[in-house]
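Coordinate analysis (summary)
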Amino acid sequence: MRVALATEPATPGRENEDFIAATPDAVVLLDGSGTPAGSESGCTHGVAWYARTLGSTLLTSMTQSAGSLSELLAEGIKATTSLHDFTCDVSHPGSPSATVVMLRRSGDFLDWLVLADSVLILDTGQPEPTVITDDREAQVGASYRERMDSLDSTSPEHVAAHREYVETLRDHRNRDGGFWVASVDPLVAEQALTGSVPVHEVRAAALLSDGASRLVDRFHLTTWRDLLGLLGQAGPNELIRQVRTAEQSDPHGQRWPRGKTYDDAAVAYCRP
Ligand SMILES: [Zn+2]
């Protein structure tokens, strides 16, 4: 596959909690979450460490093992947990976590896996591309975010409300009736959405963290089809530039209420 990548932290110079990496046959994207400023996590390494450690572990196993992507994700979560379960309190409810998207070419097929709310788009030549994401966190969170969304997103009150929102959602994380993300328990891999498509049916594929997909699914400034067109013509950096322009046009979160005014963004665009 030809793969183009871009990623950028929400604020220049700050740590990027998104992770993206690729080989010609495998792409992996993670969006780390779990610890807003002032919140406890039980882990001294942090969310960015978790995302890049699990992400690089997954990319290595995707290029070396023929196991299913769910199996590789389970093994990767287990291996990453074992790197800090003797120094950190991995049973803490705020332990670092991450969304995961994996895409791998295996012979004549493209295998994919999506866990949580990062987005995979497959263009199979139909009028509408196939968009795969698991929005259970947003569904659970909808009933808790009213106060946060009513506040100016640059205010200290909003920062506190966002922290409260994240800490409230921890009670629903990796539980039946809640939502599922990679963190400590390898069994969450069974909750991932998975599939396989013949390579010759796929014209293009895109992987997006929610900091990049917000141009469509939060700001409604374009469609999935036009976003794919933009990636094909101008590339992933241009998509992130357009996201930043939209974020800057609404610095207080009045037009588009959101937890983070600016968010880490990661994008991969692949052509088999
Ligand atoms: Zn740790």
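Residues numbered from 1 in each chain as written. Predicted model: local features only at pLDDT ≥ 70, side-chain atom pairs only at ≥ 80, totals over all residues. Heavy atoms only, no water.

Quick word on the packing of helix α6 (residues 210–217) against helix α8 (residues 236–249)
Their axes nearest at 9 Å, the elements α6 and α8 cross at an angle of 70°. Between α6 and α8, the crossing angle belongs to the class labelled roughly perpendicular. Considering how the two elements wind past one another, α6 and α8 form a crossing that is left-handed. Two secondary-structure elements touch here, α6 through Gly 211, Ala 212, Arg 214 and Leu 215 and α8 through Leu 239, Gln 242, Val 243, Ala 246 and Glu 247. Considered class by class, the residues forming the contact of α6 with α8 number 5 nonpolar, 2 polar and 2 charged. (Axes fitted to C-alpha atoms, helices over the stretch in contact; angles between N-to-C directions. Helix = DSSP H or I, 4+ residues; strand = E, 2+ residues; numbered from the N terminus. Parallel < 35°, antiparallel > 145°, perpendicular 65-115°, else oblique. Left-handed = near helix turned anticlockwise from the far one by under 90°. Contact = heavy atoms within 4.5 Å. Nonpolar A, V, L, I, M, F, W, Y, C, P; charged D, E, K, R; others polar.)

As for the coordination of the zinc ion
At the metal site, the zinc ion is ligated by Cys 43 (SG), His 45 (ND1), His 84 (ND1) and Cys 88 (SG), and these contacts range over 2.1 to 2.4 Å. Because the angles between the 4 donor atoms bound to the zinc ion fall within 94 to 120°, the donor set is best described as tetrahedral. We classify Cys 88 as buried; its relative accessible area is 9%. (Donors = N, O, S within 2.8 Å, 3.2 Å for Na, K, Ca; no water. Tetrahedral: all angles 85-135°; square planar, octahedral: opposite > 155°, others 65-115°. Buried < 20%, exposed > 50% of the residue type's maximum accessible area, 1.4 Å probe, protein only.)

Topic: the pairing of strand β4 (residues 97–106)
Most of β4 is tucked away, with 8 of its 10 residues classed as buried. Bridge analysis of strand β3 (residues 26–33) against β4 gives 8 bridges, and the strand direction is antiparallel. Note that in β4 the partner of Val 27 across the bridge is Leu 103. Inspection of the sheet shows β4 paired to strand β5 (residues 109–115) by 7 bridges, in the antiparallel sense. Each residue of the ladder has a partner; that of Leu 103, found in β5, is Trp 112. Taken together, β4 and the strand that follows it, β5, pair antiparallel across an intervening segment of 2 residues, in which Gly 107 is found at a positive phi of about 65°. (Pairing = 2+ DSSP bridges.)

As for the pattern of salt bridges
What the rule picks out here adds up to 11 salt bridges. Among the ionic pairs, Arg 244 bridges to Glu 8, the shortest N-O distance being 2.8 Å. Residue Arg 244 is found in helix α8, and its partner Glu 8 is found in strand β1 (residues 2–8); the two are separated by 236 residues along the sequence. If you follow the salt bridges from partner to partner, you end up with Glu 8, Arg 214, Arg 244 and Glu 247 in one network. (Salt bridge = Lys/Arg side-chain N within 4 Å of Asp/Glu carboxyl O.)

Here we look at the pairing of strand β6 (residues 119–123)
When you tally the buried positions in β6, you get 5 out of 5 residues, the bulk of the element. Of the two faces of β6, the one carrying Val 119, Ile 121 and Asp 123 and the one carrying Leu 120 and Leu 122 are both buried. In the sheet, β6 pairs with strand β9 (residues 204–208) via 5 bridges, with the strands oriented antiparallel. Bridge pairing in β9 links Leu 120 to Leu 207. In terms of strand pairing, β6 meets strand β7 (residues 130–132) through 3 bridges, oriented antiparallel. Residue Ile 121 lies in a different strand from β7, and its bridge partner there is Val 131. The hairpin turn running from β6 into β7, its antiparallel successor, is 6 residues long, and Gly 125 in that turn takes a positive phi close to 85°.

Some words on the side chain of Ser 41
Locating Ser 41 in the fold gives a position in the loop between β3 and α1 (47–64). Here the side chain of Ser 41 touches Cys 43 through a polar contact of 3.1 Å, landing on its backbone nitrogen. Residue contacts for Ser 41: discarding those within four places in its chain leaves Thr 35, Asp 89, His 92, Gly 94 and Ser 95. (Polar contact = N/O pair within 3.5 Å; in protein donor to acceptor, adjacent residues only side chain to side chain.)

Remarks on unusual backbone geometry
Here Ala 116, not a glycine, exhibits a phi torsion of approximately 75°, which is positive. Positionally, Ala 116 belongs in the loop between β5 and β6. Residue His 220 is not a glycine yet carries a positive backbone phi of 55°. Note on placement: His 220 falls in the loop between α6 and α7 (224–234). Using a relative accessible area of 60% as the deciding quantity, one classes His 220 as exposed.

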